[in-house]
There are 4 protein chains.
Amino acid sequence: MLRYFTAGESHGPCLTTIIDGVPAGFPIDVQKINHDLWRRQQGYGRGGRMLIEKDEVQIRSGIRWGETLGSPVALGIENRDWKNWTKKMSAASEDRDESVAVTKPRPGHADLTGILKYHHADIRNILERASARDTVSRTAVGSFCKQLLAPFGIKVLGYIRSLGGIEAKTEGLTHEEIFERADGSPVRVADKEAEEKMIALIDDCKEKGDTLGGIFEVVALGLPPGLGSHSQWDHKLDGRLARAIMSVQAIKGVEVGLGFEMARRRGSQVHDEIFFDPQRMVSEGKPMILSTGFYRRSNNSGGTEGGMSNGAPLVVRAAMKPLSTLMSPLQSVDLRSKQPADASVERSDVCSAPAAAVVGEAVVAFEVAVVFLEKFGGDSLHEIRRNFEGYLEQIRNF
Amino acid sequence: MLRYFTAGESHGPCLTTIIDGVPAGFPIDVQKINHDLWRRQQGYGRGGRMLIEKDEVQIRSGIRWGETLGSPVALGIENRDWKNWTKKMSAASEDRDESVAVTKPRPGHADLTGILKYHHADIRNILERASARDTVSRTAVGSFCKQLLAPFGIKVLGYIRSLGGIEAKTEGLTHEEIFERADGSPVRVADKEAEEKMIALIDDCKEKGDTLGGIFEVVALGLPPGLGSHSQWDHKLDGRLARAIMSVQAIKGVEVGLGFEMARRRGSQVHDEIFFDPQRMVSEGKPMILSTGFYRRSNNSGGTEGGMSNGAPLVVRAAMKPLSTLMSPLQSVDLRSKQPADASVERSDVCSAPAAAVVGEAVVAFEVAVVFLEKFGGDSLHEIRRNFEGYLEQIRNF
Amino acid sequence: MLRYFTAGESHGPCLTTIIDGVPAGFPIDVQKINHDLWRRQQGYGRGGRMLIEKDEVQIRSGIRWGETLGSPVALGIENRDWKNWTKKMSAASEDRDESVAVTKPRPGHADLTGILKYHHADIRNILERASARDTVSRTAVGSFCKQLLAPFGIKVLGYIRSLGGIEAKTEGLTHEEIFERADGSPVRVADKEAEEKMIALIDDCKEKGDTLGGIFEVVALGLPPGLGSHSQWDHKLDGRLARAIMSVQAIKGVEVGLGFEMARRRGSQVHDEIFFDPQRMVSEGKPMILSTGFYRRSNNSGGTEGGMSNGAPLVVRAAMKPLSTLMSPLQSVDLRSKQPADASVERSDVCSAPAAAVVGEAVVAFEVAVVFLEKFGGDSLHEIRRNFEGYLEQIRNF
Amino acid sequence: MLRYFTAGESHGPCLTTIIDGVPAGFPIDVQKINHDLWRRQQGYGRGGRMLIEKDEVQIRSGIRWGETLGSPVALGIENRDWKNWTKKMSAASEDRDESVAVTKPRPGHADLTGILKYHHADIRNILERASARDTVSRTAVGSFCKQLLAPFGIKVLGYIRSLGGIEAKTEGLTHEEIFERADGSPVRVADKEAEEKMIALIDDCKEKGDTLGGIFEVVALGLPPGLGSHSQWDHKLDGRLARAIMSVQAIKGVEVGLGFEMARRRGSQVHDEIFFDPQRMVSEGKPMILSTGFYRRSNNSGGTEGGMSNGAPLVVRAAMKPLSTLMSPLQSVDLRSKQPADASVERSDVCSAPAAAVVGEAVVAFEVAVVFLEKFGGDSLHEIRRNFEGYLEQIRNF
């Protein structure tokens, strides 16, 4: 079973990730992982840290001569900023210096709760790990997983749907067209008009020391029907996706397909009726490859029914709150004096929702890879491909 | 660690649940579990099945003389309808009768995907397990967990926020007041005016053979700060809650606190500023008991920051889609002939969102119990209470 | 992933088991499970409980018309003795009667530690769950798993190697011959001469109120090479087997292949040299089916190398201690008075090692099924068989 | 919950480990970890690799100013030999060079099974990960865990009991005395006479290109009663220990307490009778601290009853097979030609059982830390100590 842990403090020497349960023989291009790390660093509204870091992954195990070995893959990503923090973040007891403690918790962050829970006196002991810098690791894991899915024609695409309340209009565009346009946009949005407004809004917030969130959408294309299972609550694909996404820093909501809108409509308006056309069993290029002849004319369900992928595009959306570190700091309390104080200010961005869309891609890619590998078993690309194709043949002949 | 599995087909002999990792010495009142099962069966808009079943839990292990033993708790809930299904759902091979196969998959259900995945010819082999009848088991588990949480002053409350697009107005009411009013309402809503409209809407849908969904809110009161952890993606309380809720049948969206609305506002408008008042350290009744002196004047975060409970009420909302079984059936295809056909009709309800709010309570109660027991360790109520109180004392003296 | 929980007190109403992660379409014969339960109840030296119980499994979910559905399988096994314990083991608080408390812990049992850990005053609250009666559930789970493995030609066989220090001689017999002879023996041993001595020893111990243990061997035949993995410590098949067996009541040692004897020999004397014979690639009946042409002339490794099955018979042995409940009780202390006292006496056997061999089969069968299903993935017998055969073809053509 | 993954190939750039679930505020001395790594590298009979490597751990996360943060701890250990393998073990596809493939599988290793399972053509793709070099990581994890246990007076000690069939005599010595003597011995044995014979035996084997195994014992002192649980098969401490130890490279047997010998004796001869002495409730130094007044005069059970620690020293033994890489190679087959061939020779040792005893300490320390932290909960040393002491007080007053 595919599993992973991330480790690393925001200003520690490096981020470390281990991915376990990786099958053998998958070609891995490190530059593709670095490209996703680069995409995560982009976005209008990012702050100074992004100028310092240029995230690049080091393969520390599990890949030889460009292919997975079947052993755990360890990834390391250096924090370039570390050189400025060697004392403050040192592992050595002799470097202790309590005078640098952070003591003014930032509303919206793990700060206050974290020090209570872990009995710390210095908020830095919490914020370094709670920091969204951990999403670099998760992006690397997910980018790796995209390469596990690629041989089977599965793609995972993320982009912004709205930012600070400004909605993108994308009527008439396919998921792939939306993605392509968004991937070239500084705010990762397919709608030029919305893009302009978003940039203006970011500029305004920057001026005021305020922050913004947004809503991103992640689409996975090419999933065969039958990933995940209805049989036990913790096997459901939509449940897994919800956990993966909600556990990304600053995410406060997740929905699949029509999502919350579904709760407002009638059954006759939302369920995706089922049709059959034998012509659709003929493979005419990639999107057809999975067709069993059964098809839908709508995808309100967002690609899952009964906790399983149903063959339609998987569509999830997530709401990101405005960043919790404001340059015009919010009201807080000094932990030592218990007197009112401005919340502490760590270097931060005005808006990182465009980056979060890349992280969203990654965590979705991981969960899809998990259920894909569970479904098809196997220990090598060779074997998994045979199992996969056998299943496609099976359901085509249903 | 608290874990559970459910088992059971909708029309099989019974539902079975095992809860593992239960500490000893907790008083358990079976009638309270039955009361939650009864609550789950209520709601204007429920169908014929609810007249047949009167769900009652049987304790098969783990409880002696009204207290938990520390061993796994097995719960059984009879399906009264079973007596009508002994042949059709028999475990014995001699009862096989392929003539009763269900072959017209219902849009929105696990039906079509399930038979492809599991290589079945009879949709009943999928729908029996995919059925929302499994939520009876999850309700029993959660109701049991409420009794694990009760000695520590923790309550979990669920109610309807909107139904078929009609919103409840509850300004000025506390969570507990909302709950009390809703608990007496046939649509589990605190707003009488909305209630009337919802009932009229259900009547209209019933007449038309259509179905409805809704949005429910679950609130957990009394959580100490520090449940869950920021330290690894799968330890985060909000991620756990999202998985638990999204894995409930028909749920398509989950949000915490302000949720999606947060993505539309600025940081200065949403984060809950931090204040300190030594008076709040004095315990003046239940809500104060956890106070550390730190407090907030808002709860937009919905009780979690950094993936941890922050001491404020935990507030989550979920969107339920309209039920997928329509009395005026949707378009489908007969699996054998591949010809168009009406989707099959299983006995069902017009709307079960009010029941889903009870299920929501339950799955939240389970997840809260998990992180609570992780935090405080211990094998008996005696020991857990000592650990819990020691922690409260510790954070009060922070 | 195949998972299971057991639940149930020794004198509670019933034992309950849920097996999750079961694929669909496997034929299940309940009588075969009952036969294994019957085998577990046999054995010269068993006590009075065995006369009361006649364990029979009830299928409560997951099987329809003789085949698995792909949903969780719940098994129930009634405790016939329950009717004598309805008050003493009642779940209802009104049945509380502290006068019947067990207060003299038995050396070798969970008794003393259990009440300290769980803060109980009555040892019954521990012993009911710690009892080896739980092995009935594990036997049922394992027997079910044997039926998951049977379509692939995998068998799991258990028998006694020594009892109370008396060794069985089985030179020249195949594993299957040993099993067949042992399966008909009252002490589950293939050697008639040893059998007689063992029976005499049991008689002697019975007279003296003493107890006996023994060593059993479990062999799994027909495993393809490559189950389990070397890649992470917790994926190793031998590690999984060790946990499964050591967690059976009264087991104090586990070894694979030559086991402890290996530590006394030189490398040149123990490792199973590798040969190749293309003739062995031709399938001439069952044992050949897995052959890749590579073969060994010895099996000192017991069928695992690098934590993976290597295609040779899997051979594990376990040491069972003498039962801890002696009719001539050991020295103990009364928990109330703190005065010396005879340990309490629960109804028990003189020796249950022959039964433990059946339990050993079961827990090995479960672990083999886990790694088998992990390796081959798939959700139905149809799909798993295709994946399995594809792999066999792949390694034959290596 | 404490969890860990290891990663890293034997000749890759480094070994990587992530330990997740670590509480905060524990002092960690990196030199103590390095000392255990050094101990693992010692032992008469080790080969050339030990001259090249000088294992030192780098803290990459989770520790600041000498204390745990509560975040995941990432450890890195450089492979000094890597500089000789940069091409052969490169992650880059352009370094592929199939001419260096290893094609003659070594009996006793993962080699043959591994390439079949993972569909590799070069055995190096398996052996690099299957190598016992992974035990460096596990030693580091366990050494770290010893420092989690140290504040509670728990020690874990490992030493050789027999080597190549030569038994150590240690009558009359306490566990700690045995350990102290063994820790200074080149073969990690407390008995000088045996030591001499073992060294001579190693010399003889070295001359002949042969290898040796041995039996080591690991003792954990200071465990309170009640770690692990009888309540579910996978909670049992002895089962966990068996998995941890059996999953160490080359281990073929595990036993607890008297182990296999128990199966040969009568119940009256093995169970540890229970006595009570109020004097033992008075704390007179460390070993007394846990006393509840109850005590035993023997420890045949090896410190576990019912799958739980019972307060007596935890005693486990493991059998290590002779190393599978022989300088006088065993018979094998060339994978390409299918012709008989000598097994390939990787640099290796004559005997590494003394090192395995250090690894054994480590994996036991990890499992004890898991059940310890589960029992006491808590997120900081401060909190865990309070919970721990509360429990000791509770059981003293039982």
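Residues numbered from 1 in each chain as written. Chains lettered and ligands numbered in written order. Predicted model: local features only at pLDDT ≥ 70, side-chain atom pairs only at ≥ 80, totals over all residues. Heavy atoms only, no water.

Here the focus is the overall build of chain A. Helices and strands together make up the secondary structure of chain A, namely 11 helices and 18 strands. Compactness check: chain A gives a C-alpha radius of gyration of 22 Å against a globular reference of 21 Å for 398 residues, within 12% of the reference. Once the C-alpha set of chain A is aligned to its principal axes, its extents read approximately 75 × 50 × 40 Å. Across the 398 residues that make up chain A, the buried fraction comes to 70%. When contacts within chain A are restricted to residue pairs at least 6 apart in sequence, those whose partners lie at least 24 apart make up 71%. (Helix = DSSP H or I, 4+ residues; strand = E, 2+ residues; numbered from the N terminus. Rg over C-alpha atoms; globule rule 2.2 N^0.38 Å. Buried < 20%, exposed > 50% of the residue type's maximum accessible area, 1.4 Å probe, protein only. Contact = heavy atoms within 4.5 Å.)

This part is about the interface of chain B and chain A. Taken residue by residue, the interface counts 107 residues in chain B and 107 residues in chain A. For the pairing of chain B and chain A, the buried interface totals around 9000 Å² over both sides, and the portion due to carbon and sulfur atoms is 63%. A per-residue breakdown of the area chain B buries against chain A is headed by Trp233(B), Lys252(B) and Phe398(B), which together make up 10% of the total. The closest approach of N and O atoms between Asp204(B) and Arg266(A), which form a salt bridge, is 2.7 Å. (Buried area = accessible area lost by both parts, 1.4 Å probe. Salt bridge = Lys/Arg side-chain N within 4 Å of Asp/Glu carboxyl O.)

Right, let's talk about the sheet that holds strand β6 (residues 67–69) of chain C for a bit. Each strand in a sheet pairs with another by means of backbone hydrogen bonds, the pair being arranged parallel or else antiparallel. Residue and element names in this part refer to chain C. Taken together, 3 strands build an open sheet; the order of strands is β3-β6-β5 and the sheet is antiparallel. On the outer flanks of this sheet lie β3 (24–27) and β5 (63–64), each paired with one strand and no other. Strand direction decides the pairing type here: β5 and β6, joined by 2 bridges, are antiparallel. Looking at β6, one finds that Arg-64 is bridged to Glu-67. (Pairing = 2+ DSSP bridges.)

Contact with chain C, which involves 107 residues of that partner, is made by 107 residues of chain D. Around 9000 Å² of area is buried between chain C and chain D when both sides are counted, 63% of it from carbon and sulfur atoms. Remark: the boundary between chain C and chain D carries 2 salt bridges. Per-class residue counts for the side of chain C that touches chain D are 44 nonpolar, 36 polar and 27 charged. (Nonpolar A, V, L, I, M, F, W, Y, C, P; charged D, E, K, R; others polar.)

What the 3 strands build is an open sheet, ordered β3-β6-β5 (chain D); its pairing is antiparallel. Sheet topology places β3 (24–27) and β5 (63–64) of chain D at the edges, where each strand pairs with a single neighbour.

Mapping chain B onto chain A is achieved by rotating through 180° and translating by 0.0 Å along the same axis, at an RMSD of 0.0 Å. Both copies are brought into coincidence by an operation consistent with a two-fold rotation axis. Comparing contact sets, 100% of the residues at the interface of chain B also lie at the interface in chain A, consistent with an isologous, same-surface contact. (Least-squares fit on C-alpha atoms with pLDDT ≥ 70 in both.)

In this section: the environment of Gln232(D). All names here are of chain D. Secondary-structure assignment places Gln-232 in the loop between β10 (214–221) and α8 (237–246). Looking at Gln-232, the relative accessible area reads 0%, which means it is buried. Residues Gln-232 and Asp-29, 203 residues apart in the sequence, show an inter-C-alpha distance of 36 Å.

Another aspect to go through is the relation of the copies chain C and chain D. Relating the two copies of this chain is a rotation about some axis coupled with a shift parallel to it. Overlay of chain C on chain D (RMSD 0.0 Å): rotation 180°, translation along the axis 0.0 Å. In this assembly, 100% of the residues forming the interface of chain C have copies in chain D that are likewise at the interface, indicating an isologous arrangement.

This part is about the packing of aromatic side chains. Residues and elements named next belong to chain D. One pass over the full model with this rule turns up 52 aromatic pairs over all chains. Summarising the aromatic geometry, the rings of Phe-372 and Phe-376 are spaced 4.7 Å apart at their centres and angled 55° between planes, so their arrangement reads as tilted. Placement of both Phe-372 and Phe-376 in helix α10 (residues 353–376) is noted, with a separation of 4 residues, approximately one turn of the helix. You'll find Phe-372 and Phe-376 in the same group, each marked buried. Above the plane of the ring of Trp-65 lies Arg-64, whose end atom (NZ or CZ) is 3.9 Å from the centre. (Phe/Tyr/Trp six-rings, centres within 6.5 Å; stacked < 30°, edge-to-face > 60°. Lys NZ or Arg CZ within 6 Å of the ring centre and 35° of its normal.)

Turning to helix α7 (residues 192–208) of chain C, a few remarks are in order. Residue and element names in this part refer to chain C. The end-to-end C-alpha distance of α7, which contains 17 residues, comes to 25 Å, matching closely the 24 Å that a straight helix rising 1.5 Å per residue would cover. For α7, the full list of buried residues reads Ala-194, Glu-195, Met-198, Ile-199, Leu-201, Ile-202 and Cys-205. Viewed along the axis of α7, the buried residues span an arc of 165°, placing them on a single side of the element. Opposite the packed face of α7, turned more than 90 degrees from it, sit the exposed residues Lys-192, Glu-193, Glu-196 and Glu-207. Looking one or two residues beyond α7, the residue adopting positive phi is Gly-209, at roughly 70°. (Expected span 1.5 Å × (residues − 1). Arc of directions from axis to C-beta.)

Throughout the structure, instances matching the rule amount to 0 disulfides over all chains. Unpaired in this structure, Cys14(C) has its nearest cysteine sulfur neighbour in Cys14(B), at a distance of 9.1 Å. Residue Cys351(D) stays outside any disulfide, its sulfur separated by 8.4 Å from that of Cys205(D), the closest cysteine. Assessed through its relative accessible area of 0%, Cys351(D) is described here as buried. (Disulfide = S-S within 2.5 Å.)

Residues and elements named next belong to chain D. Running from N to C, helix α1 (residues 30–41) and helix α5 (residues 134–149) cross one another at 140°; their axes reach a closest spacing of 9 Å. Judged by the inter-axis angle, α1 sits oblique to α5. Along this stretch, α1 crosses α5, giving a crossing that reads as right-handed. In this structure, α1 contributes Lys-32, Ile-33, Asp-36, Leu-37, Arg-39 and Arg-40 to the contact, and α5 contributes Thr-135, Val-136, Thr-139, Ala-140, Ser-143, Phe-144, Lys-146 and Gln-147. A breakdown of the residues in the contact of α1 with α5 according to their chemical character gives 5 nonpolar, 4 polar and 5 charged. (Axes fitted to C-alpha atoms, helices over the stretch in contact; angles between N-to-C directions. Parallel < 35°, antiparallel > 145°, perpendicular 65-115°, else oblique. Left-handed = near helix turned anticlockwise from the far one by under 90°.)

Counting 200 residues, the largest nonpolar core has Leu2(C), Phe372(C), Leu2(D) and Phe372(D) as the members making the most contacts within it. When sequence neighbours within four positions are dropped, the list of residues in contact with Phe372(D) reads Leu149(D), Phe152(D), Ile154(D), Pro224(D), Leu227(D), Ile384(D) and Phe388(D). Counting residues in hydrophobic clusters, the runner-up holds 199 residues, among them Ala130(A), Ala110(B), Leu241(B) and Val256(B). (Core = buried A, V, L, I, M, F, W, Y, C linked by side-chain atoms within 4.5 Å.)

Before going further, it helps to examine the side chain of Lys252(B). Take Lys252(B): it is sitting in strand β11 (residues 251–256). Despite being buried, Lys252(B) has no salt bridge partner; Asp238(A) is the closest side chain of opposite charge, sitting 5.1 Å away. Among the polar contacts made by the side chain of Lys252(B), one reaches the main-chain carbonyl oxygen of Ser301(A) at a distance of 2.8 Å. For Lys252(B), the contacting residues outside a window of four places in its chain are Val254(A), Glu255(A), Val256(A), Gly259(A), Met262(A), Ser301(A), Thr304(A), Met246(B), Ala319(B) and Lys321(B). (Lys, Arg positive; Asp, Glu negative; His and termini not counted. Polar contact = N/O pair within 3.5 Å; in protein donor to acceptor, adjacent residues only side chain to side chain.)

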